[in-house]
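Observations on the three-dimensional arrangement
Here is how the chains run, residue by residue.
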Amino acid sequence: MNIQARKGINMGLFSMFKPKQKMVATIQLPHAEPGLKVTGSHYFEENIAKVPSGSPEYQIVATPEERWGKVQVFWQGLRIGQLRLDAQQERHMLKALSMLGPAGTVFGAAGVTTEENAVELSDRTSALQARTRVQLMMPQPGRLERWAKAGPAEKGGILLSEPVTVQVRLKGQGPVQDVLHALVAGKDEYRGKASIDVGTEESGKYKGRPRLDFLVNKQSVGSVGGRYQEEEAALFTAVLDGGMKTADLHIRQSNFGDNALYATVEFPAG
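In this report, the structure presented in the accompanying data block is examined. (Residues numbered from 1 in each chain as written. Predicted model: local features only at pLDDT ≥ 70, side-chain atom pairs only at ≥ 80, totals over all residues. Heavy atoms only, no water.)

**Description of the overall build of the chain**
The number of helices and strands found in the chain is 7 helices and 13 strands. Going through the 270 residues of the chain one by one, you find that 44% of them count as buried. Counting contacts in the chain only where the partners sit at least 6 residues apart, residues at least 24 apart contribute 64% of the total. For the chain, the computed accessible surface area is about 14,400 Å², with 50% contributed by carbon and sulfur atoms. (Helix = DSSP H or I, 4+ residues; strand = E, 2+ residues; numbered from the N terminus. Buried < 20%, exposed > 50% of the residue type's maximum accessible area, 1.4 Å probe, protein only. Contact = heavy atoms within 4.5 Å. Areas by Shrake-Rupley, 256 points an atom, 1.4 Å probe, with all protein chains shown as cover.)

Quick look at the structure:
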């Protein structure tokens, strides 16, 4: 399915929730770093274009009845996307928000808005496009749930921020589903180390560019090809210039597709 078709489907789904008036946050979520990414903003380009650069305030609403976008993000009542969460993170986040406020509560969170280059893929070509990136400076779902459960005297002792890391979602996951399922072995997730093999793109538009393949027990769990060298500059710099040989691997259930798994790698920023 091409990009335009996917946009049409998602716009229909995302339009199911439309605020009828300006949204006002009644509960402010605690500040934490590195924060959580907002995804899906490119489906709301007209709205995201109105968001000022810098650190504006955002509103968050839990919508557990929706298949996509169970934690939606707004700016002054304009939908700009949803929190980028896997299935397990969604469960923690929905639980935390339900403990902090009743259904329909509008939560407030500080955000950081920046511009980045992203690879836009079509049926035949790919190109870099400038996109607005939104990061909400709030705790990771598990930490927010622990904070929500804690009493007033205990909240101050809970560490909400985490060490700053870079997370990259691996590509080419379809052909390696058997390997991913074998590593997960019927559990909710798998965490371990992946070794990094540096190769070269042998054909196509990006011929000659470096390609990073990630391996567990000499079996591929995904890759990041040369077309992503600008978009994932931190990863390529860490490997090609910094000599990074391994990365933390995390495999979990995807929200898209029946029984599908996906893998990400993480490594220290800087």
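**Section: the sheet that holds strand β11 (residues 219–224)**
Taken in spatial order, the 6 strands of this open sheet run β8-β13-β12-β9-β10-β11, and their pairing is antiparallel. The sheet is open, and its two borders are formed by β8 (165–169) and β11, each paired with just one other strand. Averaged over all pairs of adjacent strands, the angle between strand axes in this sheet comes to 35 degrees, irrespective of strand direction. Relative to strand β13 (residues 261–268), β8 runs antiparallel, the two being bridged by 5 bridges. Counterpart to Arg169 in the pairing with β13 is Thr264. Running at roughly 75 degrees to β13, helix α6 (residues 177–184) makes contact with β9 (189–200), β10 (210–216), β11, β12 (246–253) and β13 of the sheet. (Pairing = 2+ DSSP bridges. Axes fitted to C-alpha atoms, helices over the stretch in contact; angles between N-to-C directions.)

**Re the pattern of salt bridges**
A pair can form between side chains of opposite charge whenever their charged atoms are brought close. For the structure shown, the criterion picks out 7 salt bridges. Between Arg252 and Asp86 there is a salt bridge, with its nearest N and O atoms 2.6 Å apart. One end of the pair, Arg252, is in strand β12; the other, Asp86, is in the loop between β5 (78–83) and α3 (87–100), and 166 residues separate them in sequence. Classification of Asp86 by relative accessible area gives buried; the value is 3%. A salt bridge links Glu189 to Arg191, with the shortest nitrogen-to-oxygen separation between them at 3.8 Å. Judged by its relative accessible area of 26%, Glu189 falls in the partly exposed class. Given the relative accessible area of 56%, Arg191 is considered exposed. When salt bridges with common partners are traced through the structure, they connect Glu201, Arg211 and Asp213 into a single cluster. (Salt bridge = Lys/Arg side-chain N within 4 Å of Asp/Glu carboxyl O.)

**Considerations on the pairing of strand β4 (residues 71–75)**
Of all the 5 residues making up β4, 5 are buried; the element is thus mostly covered by neighbouring parts of the structure. Here β4 shows two buried faces, one formed by Val71, Val73 and Trp75 and the other by Gln72 and Phe74. Two strands pair when backbone bridges link them, and strand β3 (residues 57–62) and β4 are joined in this way by 4 bridges, in the antiparallel orientation. Opposite Ile60, over in β4, you have Val73 as the bridge partner. Two elements, β4 and β5, share 4 bridges in a ladder whose sense is antiparallel. Within β5, the position partnered with Gln72 by the bridge is Gln82. Counted between consecutive antiparallel strands, the loop separating β4 from β5 contains 2 residues, among which Gln76 sits at a positive phi close to 50 degrees.

**Considerations on the packing of aromatic side chains**
Overall, the coordinates contain 0 aromatic pairs when judged by the stated rule. The ring of Trp147 carries Lys155 above its face, with NZ or CZ at 4.8 Å from the centroid. Between Lys171 and the ring centre of Tyr228, over which it is positioned, the NZ or CZ distance is 4.6 Å. (Phe/Tyr/Trp six-rings, centres within 6.5 Å; stacked < 30°, edge-to-face > 60°. Lys NZ or Arg CZ within 6 Å of the ring centre and 35° of its normal.)

By themselves these figures say nothing about function.
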